[in-house]
Amino acid sequence: MKNDIWNKIKECLKEEIGASNYKNWLYAVQFKTLEGGIAFLEAPSNFHVEWVSQYYGESILRLLKERDPSIIRLHFSVSKSAKSSAGTDQSDANARDEFEIGISNRKKEYLHPNLTFDSFVVGESNKIAYHAACSIVQGGLKNYNPLYFHGGVGLGKTHLMHAAAWALRSKYQNSTVMYLSAEQFMYEFVYALKFKKIFEFKESFRSVDVLMIDDLQFIAGKESTQNEFFHTFNALFDQGKQIVLSGNRSPAKIDGMSDRIISRLQSGLVVDLHPADYELRLKILKYKYDQFIKTGGGVKVEEGVLEFIARHFSRNVRELEGALNRVTATGFLMRRPVAEADAKQMLSDFIKESDRRVALDEIMRQVAAYFDVSVSELIGSNRARIYTRPRHIAMFLAKELTHHSLPEIGRFFGGKDHTSVIYAINRTKKLIGDDSGTENDIDIIRRNLSD
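Along each chain, residue indices are assigned from 1 in the same order as the chain's sequence is written. Owing to the predicted nature of the model, reporting of local features is limited to residues with pLDDT of at least 70; listing and counting of side-chain atom pairs is limited to 80 or more, with chain, interface and lining totals taken over all residues. Hydrogens and water molecules were not included; the side-chain quantities draw on all heavy atoms of the structure.

Trainee: Describe the pairing of strand S2 (residues 38–43), naming the residues involved and giving the relevant values.
Mentor: Burial status follows relative accessibility: with a 1.4 Å probe on protein chains alone, a residue under 20% of its type maximum counts as buried, one over 50% as exposed, and anything between as partly exposed. Helix and strand labels come from DSSP, where a helix needs a run of H or I of at least four residues and a strand needs a run of E of at least two; each type is numbered from the N terminus. With five of its six residues buried, S2 lies for the most part within the structure. Pairing of strand S1 (residues 30–35) with S2 involves five bridges; the strand directions are antiparallel. Residue pairing across strands places Gln-30 opposite Glu-42, the latter belonging to S2. The rule for pairing is simple: two strands pair if DSSP sees at least two bridges between them. A loop of two residues connects S1 with S2, the two strands running antiparallel in sequence, and Gly-36 in this loop sits at a positive phi of about 55 degrees. Examined bridge by bridge, S2 and strand S3 (residues 73–78) share six bridges and lie parallel to one another. Opposite Ala-43, over in S3, you have Val-78 as the bridge partner.

Structure below.
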């Protein structure tokens, strides 16, 4: 496309938005090149890029398409001369100075600059998901397409999605990596239907090299959106393009999701992110605390504080971060190091909320389901290990999560006396110390009870 055509488009835009807005925002926007249906434009600053793309992107795209129907997307970036004169660090600029516009820019979602592979703490519960995400960047998962992450809130699904998107953008600069939530996908689809831009919608989503959609469960029960997603999925899959998705449950357990979508998801690699075990929780806390210190936080936490938080907050990383933030913030206000006793006091209300008391029958049901035994076997007298281990864990959780006395717990578990309950609790404590798998099992059951 020649610059004189671009100048004519700018004149049309000037008539549409007025001379003042044109002078302030569009006069300095320059057309650079056209590659693969993408028109590359430059503006003089980060703020300029975001403002123009948000408020004038659709008009620019429409006028460009009238002259060249092959154009399906705009790519805005800060001009190199502007970045050089501003002394912008390139690694930081990559996180903020580029913006792509398709058929709609409403509620545009950005990749979070802090959610990278470097900031993702790896442990037993998430290492498979981590390596799967890294493999996408290396191009090693083409036989496992799509890649689907699932797990509860705050376990790292979105972090891995953002991290993979950043790495893909950095490594394959000429490829189009699209990341958005399922909610945004639905909004874009509804917008396209409303304004009769369904062709542009299809072209926008079906021309990418990597499509990443977060929180897929959002489209469950939404038949028309699922239908469009299904056809978008097939179009990309048939082209050999990589598809990465996430949801809060495994495919078959998402209520309201069509069978054909479930089948597509199950045909690839499905990876479950489990709740972090104690070792990983402590590792995460140490990383977050080190980052806090590096960024100027001068509050010192004494030995035992991070361990205390790791023991009492087991559901997800956000809960851990919230507890650590309260401790460090309160320590800053007190202007002294935080001891374990201080942490206990600061977090007492958090702990009460986290350790929500549950019914004995619910504990029994969850433990039986987790270990795939029947409730009758759980409360019976069979001493085979496949029954005694779940039975002891159930009694341990009953003591931890309820107000019932030891005799009451014993009676509930088949008429056992309180000494049997004490033995079960002590035996489970020893297993936790000797076997990290037992602690991980208990953490997962706690999370299931809190959902």
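Trainee: Any details on the packing of helix H20 (residues 385–401) against helix H22 (residues 418–434)? Residues and values, ideally.
Mentor: Between H20 and H22, whose axes approach to 8 Å, the crossing angle comes to 100 degrees. Taken as axis vectors, H20 and H22 run roughly perpendicular relative to one another. Along the contact surface, H20 presents Arg-385, Arg-389, His-392, Ile-393, Met-395, Phe-396 and Lys-399, while H22 presents Ser-420, Val-421, Tyr-423, Ala-424, Ile-425, Arg-427, Thr-428, Lys-429, Leu-431 and Ile-432. Residues that form the contact of H20 with H22 fall into these classes: nine nonpolar, three polar and five charged. Between the N-to-C directions of two axes lies an angle of 0 to 180 degrees, each axis being a line fitted to C-alpha atoms and, for a helix, fitted only over the stretch in contact. Between 65 and 115 degrees an angle is taken as roughly perpendicular, under 35 as roughly parallel, over 145 as roughly antiparallel, and anywhere else as oblique. Contact between two residues is taken to exist if any of their heavy atoms lie within 4.5 Å; hydrogens are not considered. Asp, Glu, Lys and Arg are counted as charged, while Ala, Val, Leu, Ile, Met, Phe, Trp, Tyr, Cys and Pro are counted as nonpolar; the rest, among them Gly, fall into the polar class.

Trainee: Kindly report on the sheet that holds strand S5 (residues 147–150), identifying the contributing residues and their values.
Mentor: Spatially, five strands are ordered S6-S7-S8-S5-S9 in an open sheet, and the strand pairing comes out parallel. Looking at strand neighbours, the two that pair on one side only are strand S6 (177–181) and strand S9 (269–272), the edges of this open sheet. Adjacent strand axes in the sheet meet at a mean angle of 15 degrees, parallel and antiparallel pairs treated alike. Packed onto the sheet, helix H8 (residues 157–171) meets S5, S6, strand S7 (210–214) and strand S8 (242–247) and runs at close to 160 degrees relative to S7.

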